[in-house]
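# An overview of the molecular structure
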Amino acid sequence: HLRETHSNTITIQSYVRALRAFLNWLYLGDYVEADFCRKFRLPKARKPFLNVLSDQEIERVFAVYSDNSNVIHLRNRVILSLMLDAGLRLNEVVTARVTDLHIPEGYLIVTGKGSKQRAVSFGVTTLEHLKAYLNAVTPARALLQTAEGEPLTRDTLKNMFRKLKRKSGVERLHPHLLRHTFATRYLENGGSIYTLKELLGHTTLKQTQAYLHVAQTRRHLDFARYSPLDNMKRPPQE
């Protein structure tokens, strides 16, 4: 029935997990004699292809915040940079602190899932955006602030992305897509998958390997640029 009503196999997995949990509760509570949970295997899910942001889409997103005299524009450029250049999650951006920012060394200490801390690096462009923003605001404990000087909240950030989606015309835009884009581009640019695992705060390498598959697939799609025969120097036509 689930396969007939849901095309998304990940959704089916979620239903089956809930069913298995309920059946296990029934068995452990002696409401049923048989351990039905063992009979329910989790169906394999087709993982959707992560279609990351293109260069043109990234330019359109940043173009929305082009006013260097507007402190909110400066702040939002920092938010986008930290997600696209360091792979931060939404909550990690919200909870970032000024005291954890190390500008000379080019890294930020963030608190991820399970309250685990890790250091994330960023490039020159992000560094420039950070300096411009910090020069325009009054220093506070929270790295990112609202227009009233209050710490940024998840709701504020979600609302920013809703508006950004409309203004940039990138309809598929959402916070986690920036993290996906960072991970895929990092591998495409020659980064180590083991280093990426640490930068993303993954507990296992298997979580990170999904991005390796995407990066490899994107190289196949871009093969025309590197095709040996297509790039041969041909003699001029007479």
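The structure under discussion appears in the preceding block.
Source: prediction; values computed, not measured.

About the criteria used
- Numbering of residues begins from 1 in every chain and follows the order in which that chain's sequence is written.
- Residue-level local features of this predicted model are given only where pLDDT is at least 70; pairs of side-chain atoms are given and counted only at 80 or more, and the full residue set underlies all totals for whole chains, interfaces and linings.
- Excluding hydrogens and water, the side-chain values take into account all heavy atoms of the structure.
- Working definition: rings of Phe, Tyr and Trp (its six-membered ring) pair if their centres are within 6.5 Å, and the pair is stacked with planes under 30 degrees apart, edge-to-face with planes over 60 apart, and tilted otherwise.
- Think of it this way: any DSSP run of H or I at least four residues long counts as a helix, any run of E at least two long counts as a strand, and we number them from the N terminus.
- Basic side-chain nitrogens of Lys or Arg form a salt bridge, by our definition, when they fall within 4 Å of a carboxyl oxygen of Asp or Glu.
- Accessibility here uses a 1.4 Å probe with only protein chains present; expressed as a share of the type maximum, an area under 20% marks a residue as buried, one over 50% as exposed, and anything in between as partly exposed.
- Only strands that DSSP links by at least two bridges are regarded as paired with each other.

### Considering the packing of aromatic side chains
Scanning all chains against the criterion turns up three aromatic pairs. Geometrically, the ring pair formed by F22 and W25 is stacked, given 6.1 Å between the ring centres and 20 degrees between the ring planes. Here the residue F22 and the residue W25 both occupy positions in helix α2 (residues 9-28), the gap between them amounting to three residues, near one helical turn. Here W25 and Y31 contribute two aromatic rings whose centre-to-centre distance is 5.1 Å and whose plane-to-plane angle is 25 degrees, an arrangement assigned as stacked.

### Notes on the pattern of salt bridges
Per the stated rule, a full pass over the model turns up seven salt bridges. Its salt-bridge partner being R185, residue E188 comes within 3.8 Å of it at the nearest N-O pair. On the criterion of helical spacing, the pair formed by E188 and R185 is a turn pair, its members being three residues apart in helix α8 (residues 175-188). Take E188: its relative accessible area is 25%, and that puts it in the partly exposed class. Ionic contacts of the salt-bridge type, sharing partners, join the residues D55, R185 and E188 into one network.

### Things to note about the sheet that holds strand β3 (residues 117-121)
One open sheet accounts for three strands, arranged β1-β2-β3; its pairing is antiparallel. Either end of the sheet is taken by a strand with one partner, and the two such strands are β1 (101-102) and β3. Relative to β3, strand β2 (residues 107-111) runs antiparallel, the two being bridged by five bridges. The partner of T111 across the bridge, within β3, is Q117.

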